[in-house]
Amino acid sequence: YRARHSRRHARTAVNIMNTPENTDADDSGIEAVLREIGSRPEPSRQATQEVCAAVYAEWRALVGARMRRRRQLQFALAASVLLAVLATAVGVRVMSPHEIASVIYRTGLVSVTTPHGGEDHGAATGTPIRRGDVLTMIDGRATLRLAGGLVVRLDTGASVHFLTKDRIELQSGGVYVDAGGAASAEPLTIENALGSVRHVGTQYQVRAGTENLDVLVRQGRVEITSETGITTGTAGERVKLNADGEIERGLAPRNDPAWAWTLQAARQFDIQDQTLDAFLAWAARETGRELVYDDSQAQIAARELKLRGSIAGLSPEAAVDIVLATTRLHRRPGDDAHIRIALNSAQ
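Criteria and thresholds
- Residues numbered from 1 in each chain as written.
- Predicted model: local features only at pLDDT ≥ 70, side-chain atom pairs only at ≥ 80, totals over all residues.
- Heavy atoms only, no water.
- Helix = DSSP H or I, 4+ residues; strand = E, 2+ residues; numbered from the N terminus.
- Contact = heavy atoms within 4.5 Å.
- Areas by Shrake-Rupley, 256 points an atom, 1.4 Å probe, with all protein chains shown as cover.
- Core = buried A, V, L, I, M, F, W, Y, C linked by side-chain atoms within 4.5 Å.
- Buried < 20%, exposed > 50% of the residue type's maximum accessible area, 1.4 Å probe, protein only.
- Arc of directions from axis to C-beta.
- Salt bridge = Lys/Arg side-chain N within 4 Å of Asp/Glu carboxyl O.
- Pairing = 2+ DSSP bridges.
- Axes fitted to C-alpha atoms, helices over the stretch in contact; angles between N-to-C directions.

Visitor: Explain the overall build of the chain residue by residue, including any values.
Guide: Looking only at helices and strands, the chain features seven helices and 18 strands. A fraction of 51% describes how many contacts in the chain between residues 6 or more apart in sequence connect residues 24 or more apart. For the chain, the accessible area works out to roughly 20200 Å², and carbon and sulfur atoms hold 53% of it.

The following block contains the structure:
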């Protein structure tokens, strides 16, 4: 509507300005043009209503788009919360402030005794462990996650008193700690009547007997504190502390049978739909070795290959050989500290 009137007024202005008497028009000529054009006519009631309706429709469309985007954002946030809840349901528990550990896997009968002679009940996967609880492996084994992030495994016959999230008392039996797999975990001190053991980034196990404290170090080192001072144990070493404070040192190779129970205390690796690289990294970790590839091509092949099947009942050593036999990679003979992987020469 305005465009039609503007074009009409523009034509009128041009005609006036092109008359001979206005060829050299000055300010007075401009005033004459404005008087000729006159004031802008008001649009009709119908035109006004049409413009208002169009503006209102455009506003509704804009608001609707914003509301749809807001609903999409709210849906995404709700979905993320639901995923977190589902993750918790399948085993990723969030500990309460009063918990200092949680059972994440167990086999056989495991008993929990609460402080001050309280309730004695069985422990299952997901059972919370609180300060002062005593966990006893009657005829089973278990894996626990401490509140500080560390994961420990308990052997059959082990009895552990949970003091704080970074201090436990090993009353009897064996406990295995893999501190290297949890870089952000808080250090753990394992106490016993004969002494205490504190790790310095390592894999190790501690076994408490009636007459000695037996410490085997797979990787890294530990510090053993007793009345006679501080003793350090390093990778591949076995350190025994007897009741008299005497220290006896020996060897603890990576294939020592003393490590075998640690696999039975943890859930076995499920290779279905996992990459070959992830499986080999697990096998290396469980045997205290370092995974090494001959070259980048071998590593890329291992990362791209998805596995099928199961390794149930197999040791990591046997599983590596069987799984690799179905791929285009093989294990090179080498030292006891590494698992060396290369592409088959025929490839």
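Don't stop here, the text continues.
Visitor: Go over the nonpolar core, please, and point to the residues and values.
Guide: Looking at soluble globular proteins, one finds that nonpolar side chains tend to be buried together. Counting 36 residues, the largest nonpolar core has L135, L144, F162, I190 and V206 as its most contacted members. With sequence-adjacent residues up to four places away left out, I190 is seen in contact with I168, L170, V175, V177, G195, S196, V197, Y204 and V206. Among the nonpolar cores identified, the runner-up in size contains 21 residues, and I271, F279, A319 and L329 belong to it.

Visitor: Residue-level account of helix α6 (residues 296–304), with values.
Guide: Among the residues of α6, A298, A301 and A302 are the ones counted as buried. Each buried residue of α6 lies within a common arc of 100° when the element is viewed along its axis, so the set occupies one face. For α6, the exposed residues lying more than 90 degrees away from the buried face are R303 and E304.

Visitor: Which residues make up the pattern of salt bridges, and what values do they have?
Guide: Going through the model one piece at a time under the given rule, you end up with twelve salt bridges. With a shortest N-O distance of 2.8 Å, E237 and R249 are connected by a salt bridge. Of this pair, E237 sits in strand β14 (residues 237–242) while R249 is found in strand β15 (residues 247–251), placing the two residues twelve residues apart along the sequence. Take E237: its relative accessible area is 16%, and that puts it in the buried class. A salt bridge links R332 to D294, with the shortest nitrogen-to-oxygen separation between them at 2.4 Å. Of this pair, R332 sits in strand β17 (residues 329–332) while D294 sits in the loop between β16 (290–293) and α6; the two residues are 38 residues apart in sequence, bridging distant segments of the chain.

Visitor: I'd love a proper account of the sheet that holds β17, names of residues and values included.
Guide: A sheet is described by the order of its strands in space; here three strands give the open sequence β16-β18-β17, paired in mixed fashion. In this open sheet, the two edge strands, each paired with only one partner strand, are β16 and β17. Going across the sheet, the axis of each strand differs from the next one's by a mean of 30°, ignoring polarity. With four bridges joining them, β16 and strand β18 (residues 338–343) adopt parallel strand pairing. For E290, the partnering residue across the bridge sits in β18 and is H338. Along the sheet, helix α5 (residues 276–286) contacts β16, β17 and β18; its crossing angle with β16, the most-contacted strand, is approximately 140°.

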